[in-house]
Amino acid sequence: MRTRLTARIAGAVAVVGVIFLASIVVLAFAIADLRDSSAAATESEQTLQAAQQIGALVVDAETGTRGFAITGQNAFLEPLDAASRNLPKATRDLLSRPATSRSQRVLAVSIADAARMYLEDYAQPLVVTLRKDLAAGRAIIRTAAGKRRTDAIRGDIEQLTSAVRQQGADRIQVTESHAEQALLIALSAGIVAVLLFIGLIVCLSRWIAAPIRRAATAAEKIGSGQFGVRLNEPRTDEIGQLSDAFNAMGTALQHSTAELESQHAELETQNGELERQAVEMESQTVELEAQAAELEAGQMELAETNEALAAQAETLEAASEALLVANARVSQFARVAEALGRHTELTQRADTLLAAITDLADAPVGALYARPSHRREAVCVVSRHGLTAETLPDDALDRESVARRAIDSGCTVIVAHPEGDLRLRTLGADLVLRHELHTPLLHAGETLGVASIGRSDDRPFGADEIQAIEHLAEQGAVAIANSLEAERSRWLADLNGAVLDSTGDGIRLVDLEGRLILENPEMERFLREVLCEGHDVSELTPVEVSAIIAQRTVDPEAYRARITAVVSDPDLEAVDEYQLVDTGRWIRRYSAPVNTRDGERIGRIFVLSETTETHDAERMKDELMATVSHELRTPLSAILGFTELLMARDYGAEERKEYLATVHQQASRLSDLISDFLDLQRLEHSEEPIAMKPVDLREILASQVKLFSAQSQRHALELKAAQDLEIHGDADRLRRALANLLSNAIKYSPSGGQVTVDAVRSNGDVTISVTDHGLGIPTDVQHRIFDRFFRVDSSETSHIGGTGLGLSLVREIVRAHHGEVGVDSVEGQGSRFWMKVPAG
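Bear in mind the structure is a predicted one, so any value in this text is a computation, not a measurement.

Q: Explain unusual backbone geometry residue by residue, including any values.
A: For Asp-362, which is not glycine, the phi torsion reads 55° and is therefore positive. Following the sequence through the fold, Asp-362 ends up in the loop between helix H7 (346-361) and strand S1 (365-370). Of the residues examined, Asp-362 reaches a relative accessible area of 51% and is grouped as exposed. Not every positive phi belongs to a glycine, and Asn-763 is a case in point at roughly 55°.

Shown next, in the form of structure tokens:
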């Protein structure tokens, strides 16, 4: 039957597919189990995080409450405020997590209730008590009731953590067992499927591949002419049917071949008869052609004789005309060479060359382009004939053009209308040029430019004309190159002069005998205004100038020794620096021998430059590092000392708290110093502008005055602010600048008194001032009060702490807002610091 072989193959494939499908299903169930386990583990971890966050909030609240009880500072209550704000959300997160057991749910509810009751029943009432009666509040703390509550909450959290993690471990163990079983099943199914697949391949090779190979071998034999080959496949399926069809085809081919051989023999007999008849006709045709050739040869001999005589006459006439034309052109070339020699400027030679080319070609219009070799410019028009700047601008070659093609290819380019570029304007209209010729100006393998000419009549350029124009272009290119080289030399001389005049260094070149060759204006200024001030430099020799400079340096003997070393060693290249004793200015001197390109020594060059700013910057950097090191060392020494004490001995609780409070205070001071320094550096070196947003200064002023009013009982802070104080700026930075001014006003009026904050709007600006009635600032140091690390050094301020960075930070913040900052102060009466920022 036809379907017998197909059915066997389909059955084998179905068995293999079912086994593979079963292994995939088993693996899918195992993966789903693993995914469920992973999701459960994630939920458990989120439950633990929520519980631990509650524990951290409670511990922070307990620590902050104790810190407030010890120091009385409101800053220690921030953790309690944060716990009050964040605890409701944390408890909702904990209770919203699904619990897998009733005991876990009970523990979660217990933790949430205990944390809430701790804040509502203990921590918040305790703060109220501490604000009213500090001693009573501390007595409550000593009962350790808060610690017991926090310990109980932490115990519940640990119990919940242990239960959740034990449950996760059990779930993981079960999941791993299921995964191992699924893997084993899938592996077994895979092995069985592979074995079945191998068996299927063997069967297919036996059922299909072997019979097909035998059929292919028989087909090759039939193709080579062995039509008697037959297949012997005693089967009833598709392969058997193929064998029967193949044998029938071989029999049919054998019969067809015999018939074709018989027909081929008959055709060969007929072709032989036709070939015999063709040979006879060909012999008759040859005899007729021989007779016609004899007649034609006689006629050609007569014609050639006549043509030879006419050609000789024309050759003599053409040679005579060519000789006349050649003599005329040689004379013309000589006149052009003489005219080019009479001029030296580029434009004059270009005009002469273009006039000669247009006259030779009888062309009404033309242009000559050249590339100045000393400037980085495109090829431009240097001469026009019959054209204007409107019809042919100077930058005509900046775009695609025929002349540009001639320059790029280095060969003459000839075009006809409408491909040309030249335009002749007559009575306001452009006249069409029918033929154009563009030939490059070549010299020493370089294209200097191009000569372009055009004709308005329909008269193409001939070969002789083209050859003559190219000769003129070659002759003129030499003159153009000489003009360009001369122009380049003049340009280089001007360039050297401009460089010497514009440089900030003083440059002097002397010959081998010490005589002046050249000197730039900066060197003259150096000598006149800096080194030899008060002397007429033009009347002094180099030796006299050196003597005057040596007397003004800090170390004259060292200066003279360096001069002697330079004079005694012509090959010495030296760099040295010296300082003027009267002005303190630093001068750097470089000296080296100067040679030509051929190595010939022509003299010595001296280059002077002032390095005072570099030395000042180095000195300021050293002072900055010393100041920063000192300011950092003071709090670090205190922190290290008290921590060593705490590590060396076991102090009591009160002493330990006192030492830790000192460590915390010094660490805060260190942190503030680093923050101020980094903010100052960021503002000074930032290239990006600050983000400007609408800011209500009244709100900032009110909040800062309220905050600093609570820090000192001896000072009375008063705010006087106008109504409309909205500006565009950075609220955080403006708040910090005002805080620094208020902090300084309180610190530098240690006896207390009135501190007034004023804010007014005038002429598009808002001015904020902070006035105190404290120590004041000496007049001679007021100009340095905003410098980094600067502090007034007096007995009255020595006990006042600070880093000297606050006012510098204020200045940089105000500058970032495009404003101004200043101070008005009288020593012993107080100070008024003000900052003005644009309102828009």
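Q: Can you lay out the pattern of salt bridges for me, pointing to particular residues and giving the numbers?
A: Under the criterion given, the structure shown has 22 salt bridges. We note a salt bridge from Glu-519 to Arg-508, for which the minimum N-O separation is 2.4 Å. Taken together, the residues Glu-519 in strand S9 (residues 516-519) and Arg-508 in strand S8 (residues 506-510) connect sequence positions 11 residues apart. Residue classification places Arg-508 among the buried residues on the basis of a relative accessible area of 14%. Put simply, Glu-557 and Arg-560 hold a salt bridge, and the shortest N to O gap is 3.1 Å. Taken together, the residues span about one helical turn, with Glu-557 and Arg-560 both in helix H12 (residues 556-568) at a distance of three residues. Owing to a relative accessible area of 55%, Glu-557 belongs among the exposed residues under this scheme.

Q: Hey, could you go over the environment of Tyr-578 for me, with residue numbers and the actual values?
A: Tracing the backbone through its elements, the reader meets Tyr-578 in strand S10 (residues 574-579). Judged by relative accessible area, Tyr-578 falls into the buried class, the value being 4%. For the pair Tyr-578 and Pro-556, spaced 22 residues apart in the sequence, the C-alpha separation amounts to 9.4 Å. Setting aside residues no more than four positions away along its own chain, Tyr-578 makes contact with Leu-531, Ile-549, Thr-553, Tyr-559, Arg-562, Arg-585, Trp-586, Ile-587, Arg-589 and Leu-608.

Q: Please set out the sheet that holds strand S14 (residues 715-721) residue by residue, giving values where relevant.
A: The five strands lie next to each other as S14-S16-S17-S19-S18, forming an open sheet whose pairing is mixed. Single-partner strands in this sheet number two, and they are S14 and strand S18 (820-826). The average undirected angle you get between the axes of adjacent strands in this sheet is 15°. One ladder, built from seven bridges, connects S18 with strand S19 (residues 830-838); its direction is antiparallel. Pairing of Val-821 across the sheet is with Met-835, part of S19. Strands S14, strand S16 (753-762), strand S17 (765-772) and S19 of the sheet are contacted by helix H16 (residues 731-747), whose axis makes an angle of about 20° with S17. Helix H17 (residues 806-816) rests against S18 and S19 of the sheet, and its axis sits at about 25° to S19.

Parameters and conventions
Residues numbered from 1 in each chain as written. Predicted model: local features only at pLDDT ≥ 70, side-chain atom pairs only at ≥ 80, totals over all residues. Heavy atoms only, no water. Helix = DSSP H or I, 4+ residues; strand = E, 2+ residues; numbered from the N terminus. Buried < 20%, exposed > 50% of the residue type's maximum accessible area, 1.4 Å probe, protein only. Salt bridge = Lys/Arg side-chain N within 4 Å of Asp/Glu carboxyl O. Contact = heavy atoms within 4.5 Å. Pairing = 2+ DSSP bridges. Axes fitted to C-alpha atoms, helices over the stretch in contact; angles between N-to-C directions.

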